[in-house]
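Each chain is listed here by its residues.
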Amino acid sequence: MRRLAVVGSGAWGTALAVALRRASDAAVVLWAHRPEVAARINAEHCNPDYLPDCPLDPAIRADSAPAAIAGAEAVLLVVPAQFLRGVLERLAPHWPDGAPAVICAKGIEQDSGALMTDVVADALPGVTQAVLSGPTFAREVAAGLPTAVTLACTDADTGHRLIAAIGSRAFRPYLSDDLIGAEIGGATKNVLAIACGIVVGRQLGDNARAALITRGLAEIARLGAAKGASPATLMGLAGLGDLTLTCNGPQSRNMSLGMALGEGRALADILAGRRSVAEGVASAPALVALAGRLGIEMPICAAVAGIVDGRLSVDEAIEGLLTRPLRSESDEC
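The rules we used
- Once a new chain begins, its residue numbering starts again from 1 and follows that chain's sequence as written.
- Since the coordinates come from a predicted model, pLDDT governs what is reported: local features require at least 70, and pairs of side-chain atoms require 80 or more to be given and counted, while whole-chain, interface and lining totals use all residues.
- With hydrogens and water excluded, all non-hydrogen atoms of the structure serve as input to the side-chain values.
- Among the buried residues, those of types Ala, Val, Leu, Ile, Met, Phe, Trp, Tyr and Cys that are joined through side-chain atoms within 4.5 Å form a nonpolar core.
- Exposure categories follow from relative accessible area, calculated using a 1.4 Å probe and restricted to protein chains: below 20% of the type maximum is buried, above 50% is exposed, and the middle band is partly exposed.
- We count a stretch as a helix when DSSP gives it H or I for four or more residues in a row; a strand needs E for two or more, and each element gets its number in order from the N terminus.
- Two residue types count as positive, namely Lys and Arg, and two as negative, namely Asp and Glu; His and chain ends fall outside the count.
- Salt bridge, as used here: a side-chain nitrogen of Lys or Arg that lies within 4 Å of a carboxyl oxygen of Asp or Glu.
- Any pair of N or O atoms that falls within 3.5 Å is considered a polar contact. Within protein, one atom must be able to donate a hydrogen and the other to accept it, and sequence-neighbouring residues count only if both atoms are side-chain atoms.
- Any two residues whose heavy atoms approach within 4.5 Å at even a single point are treated as in contact.
- Here the term cavity refers to a set of points on a 1 Å grid, laid over the protein atoms alone, in which a 1.4 Å probe fits but cannot get out; the term pocket refers to an open set having protein on both sides within 12 Å along at least five of seven lines, with lining residues being those that place an atom within 4 Å of a point.
- Grid points are joined across faces, edges and corners, and a volume is the space filled by probe spheres set on the points.
- Here the nonpolar group is Ala, Val, Leu, Ile, Met, Phe, Trp, Tyr, Cys and Pro; Asp, Glu, Lys and Arg are the charged ones; every other residue, Gly included, is treated as polar.
- Any two strands between which DSSP finds at least two bridges are classified as paired.
- Orient the strands so they point away from the viewer, and a crossover whose first-strand-to-second-strand path over the helix runs clockwise is right-handed.

Caption draft 1: Structural context of the nonpolar core. Among the nonpolar cores identified, the biggest contains 47 residues, and L257 and L261 are the most heavily contacted of them. Those elements that provide at least two residues to this core are α7 (179-201), α8 (206-227), α11 (253-262), α12 (267-272), α13 (279-294), α14 (299-308) and α15 (314-322). Per-element accounting of this core gives the leading share, 10 residues, to α7. Counting 38 residues, the second largest nonpolar core, distinct from the first, contains V18, C104, V141 and F171.

Caption draft 2: Local environment of the side chain of E183. For E183, the position within the fold is in helix α7. Of the side chains with opposite charge, K227 comes closest to the buried, unpaired E183, at an N-O distance of 8.1 Å. Polar side-chain contacts of E183 include one of 2.7 Å to the backbone nitrogen of M116. Here the side chain of E183 touches T117 through a polar contact of 2.4 Å, side chain to side chain. If we skip the residues at most four places from it in the chain, E183 touches L115, M116, T117 and V131.

Caption draft 3: Representation of the layout of surface pockets in the model. In this structure, the largest pocket encloses a volume near 1,200 Å³. Along its surface, the largest pocket is lined by 42 residues, and G10, A11, R253, S276 and V277 are the ones closest to its centre. For the lining of the largest pocket, the elements supplying multiple residues, two or more each, are α1 (11-23), α3 (84-91), α5 (138-142), α7, α10 (237-246) and α11. The residue inventory of the lining of the largest pocket, partitioned by class, reads 18 nonpolar, 13 polar and 11 charged. Roughly 710 Å³ of volume is contained in the second largest pocket.

Caption draft 4: Geometry of the pairing of strand β4 (residues 74-77). Every second residue of β4 is oriented toward a common face, with A74 and L76 on one face and V75 and L77 on the other, all of them buried. Sheet analysis places strand β1 (residues 3-7) next to β4, joined by 4 bridges and oriented parallel. By the bridge assignment for β4, V6 is matched with L76. Handedness of the β-α-β unit built from β4, α3 and strand β5 (residues 101-103) comes out right-handed.

Caption draft 5: Quick look at the pairing of strand β6 (residues 129-133). Counting buried residues in β6 gives 5 out of 5 residues, a clear majority hidden from the surface. On β6, burial covers both faces: Q129, V131 and S133 on one face and A130 and L132 on the other are all buried. Two strands pair when backbone bridges link them, and β5 and β6 are joined in this way by 3 bridges, in the parallel orientation. From the neighbouring strand, A101 faces β6, where its bridge partner is Q129. After leaving β5, the chain enters helix α4 (residues 116-123) and then returns to the sheet as β6, a path that is right-handed. Bridge count for β6 against strand β7 (residues 147-153) is 4 bridges, and the pairing is antiparallel. Within β7, the residue paired with L132 across the bridge is L151.

Okay, here's the thing in structure tokens:
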């Protein structure tokens, strides 16, 4: 692959553009929603809004025109989940023939409850899809620190071509054919990371955080089983790996938001002071609604949803979890 496009100029999109250039000498275009952002990236060869300390190879060119993706051999979709459908509607007329859509957003569409693969299928019928997910902090990827991810694609040939284009000594994609599992792991861990942040902010202790991570993994497994995901995927990089990182790293946007909630700050005030998106806020209610339709319980995710939509205070959510009936660890809920 000699030409690649990254749609989304936030921290993760920028880090992936850096990783692509590090992996090969392919031309990389970084699509930005706002023209002024693209102009500034091109002028300064960095992204001062999201990764100010990361110099960008001049071969990474930013552009805000939808036609900028034309000619790309693969397109990485790194816009926030709630905006993906709208962005794809703009890009669809310019989608390059034969180029796979590599979903790097982690979330569930709030209005429809759709996974990102469903959104892409609606907007780009017939386009081959892949999902890139796993334990990744953008700054570490941009800095070239060792990182391993899952690259899920049902077309093996496309998957191998993508790994050849993306993979490097420091950025190691492992191939899977389980798109649903990779998506569910990434979307759910964002919600659980908010819960872990609340545990830290409320100073509930490391025992509580370990219990929450473990029981949260059980919620991921239940949702994955209901959607037909492979258990191996959920125990791998896109599931357990991503959950472990996001629930233990304060640089996680979702965990840091939860910490602020646990310290007593109002959600509106937290969001007003942030430039980046914490996907778990929008995904939590959609995730709980999806679980309800599937007939499964996700009590930790439900508690987070109650907090972010204003139905529960932090203390009420904690009390609700601590007073649930005691049961066998192997029970389904």
